[in-house]
Amino acid sequence: MQNKKFISPLVVGFAAGILSIVPVIKSLGCCLLIPVAAFLSLMLDQKANKNFSKLEIKKGVIFGLVTGLTAAFFGTFFDFLITLITQTNDLVYAFPQLLETINQFPVDEATKQEVLALLGGVIEDIKTNGFSLLYTLSLLANNLFSNSVFGILGGIIGVQILNSRNQQK
Amino acid sequence: MSIKIKIILFVLIFIWVAGIFVEFIIPYFNGLSYAYTFINRLYATVCHQQFHKLIEFNGHHSLVCSRCSGIYIGGFLSSFILLFIPTLKIRNGKFILLAALPMLTDVLLYSFGFYSYSKIIALITGVLFGSVGIVYIYYGLQILLEKNAK
């Protein structure tokens, strides 16, 4: 039974990880995708166990964290896989815009060149090998941080919505 | 929740909101240009960053769309007000759903082509949702901390 405790956040986190790289869904879900996933994991857990008793905030935090971490790992993995196959990704698409923005910075030329060289190296690696260690590691770090935080926040809010709903039933 | 924790949360939210407008800050703190790409990618994990949906001022753009900016700004404004409110009491979980309603309606209406995307509507509906959402987060943290203190 203990093994099944985190099935719903793992399943929902996996789904959220996949959805986070689907362009249209990513655009619609935006920053609410992971919080909504955390909420859904709590709701699914209640339905699966047929236990609609009052939830503790702690459970929301844990479920949110597990959902977020799962989404981060799978989101990064699928992004890595698609980048490897297609040898392109969001960063490559956004590169001209980033280049333009960085060139507009009112900073000295040497700083600008260093930043552009770093970014250019990453883009070159992705275009030729379909992989950049720096990009993959930074994506994983970013996903782990943001998905964990947003998952926890979604879990905290989700507990209150579910408790309020169950109380009224 | 103690004022110390509220101040920490307020500062963290401030840093997060300031990060959205890093392009506007770089002219004053040149060193941030090294971190720009990383910061940009960090916000890319929580927002689609479609160029025509970003807030633009004086040639600089926000790192997240108008709606996300609104949510974070709303959260920031509420977190400031919450500094002066000692204890929270929320009895109904429906307020956050009500606060999300204008935002969801806007998403649906422009997605189905009833009108074109408006940065102002996205920003305002986002602020409404963010300002209410943060109250629930604070209340949840308040309960969590009270339980841990016992």
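Look up a bit, the structure's there.
Q: Lay out the packing of helix α5 (residues 90–104) of chain A against helix α3 (residues 32–44) of chain B in plain terms, naming residues and giving numbers.
A: Here α5 of chain A crosses α3 of chain B at 135°, and the two axes come no closer than 12 Å. By the angle class used here, α5 of chain A and α3 of chain B are oblique. The two elements α5 of chain A and α3 of chain B cross, and the hand of that crossing is right-handed. Contacts between α5 of chain A and α3 of chain B involve Asp90, Leu91, Ala94, Leu98, Thr101 and Ile102 of chain A from the former and Tyr36, Thr37, Asn40 and Arg41 of chain B from the latter. Among the residues making up the contact of α5 of chain A with α3 of chain B, the classes are represented as 5 nonpolar, 3 polar and 2 charged.

Q: Requested: an account of the packing of helix α1 (residues 3–20) of chain B against helix α6 (residues 119–149) of chain B, with residues and values cited.
A: All names here are of chain B. Between α1 and α6, the least distance of the axes is 12 Å, while the angle of their chain directions is 140°. Crossing of α1 against α6: the hand is right-handed. Where α1 abuts α6, its residues Ile5, Lys6, Leu9, Phe10 and Ile13 lie against Ile134, Tyr138, Leu141 and Leu145. Classifying every residue of the contact of α1 with α6 by side-chain character gives 8 nonpolar, no polar and 1 charged.

Q: Tell me what's going on with the side chain of Asp79 of chain A, and back it up with residues and numbers.
A: Residues and elements named next belong to chain A. Structurally, the position occupied by Asp79 is in helix α4 (residues 57–86). Asp79 sits in the buried class, given a relative accessible area of 15%. The residues contacting Asp79, other than those within four sequence positions of it, are Ile21, Tyr135 and Leu139.

Q: Kindly report on unusual backbone geometry, identifying the contributing residues and their values.
A: The phi torsion at Lys50 of chain A lies on the positive side, around 50°, for a residue other than glycine. As for its placement among the helices and strands, Lys50 of chain A is situated in the loop between α3 (33–49) and α4. The exposure class assigned to Lys50 of chain A is exposed, which follows from its relative accessible area of 69%. Its identity as a non-glycine residue notwithstanding, Gln49 of chain B has a phi of 55°, on the positive side.

Thresholds applied
Residues numbered from 1 in each chain as written. Chains lettered and ligands numbered in written order. Predicted model: local features only at pLDDT ≥ 70, side-chain atom pairs only at ≥ 80, totals over all residues. Heavy atoms only, no water. Axes fitted to C-alpha atoms, helices over the stretch in contact; angles between N-to-C directions. Helix = DSSP H or I, 4+ residues; strand = E, 2+ residues; numbered from the N terminus. Parallel < 35°, antiparallel > 145°, perpendicular 65-115°, else oblique. Left-handed = near helix turned anticlockwise from the far one by under 90°. Contact = heavy atoms within 4.5 Å. Nonpolar A, V, L, I, M, F, W, Y, C, P; charged D, E, K, R; others polar. Buried < 20%, exposed > 50% of the residue type's maximum accessible area, 1.4 Å probe, protein only.

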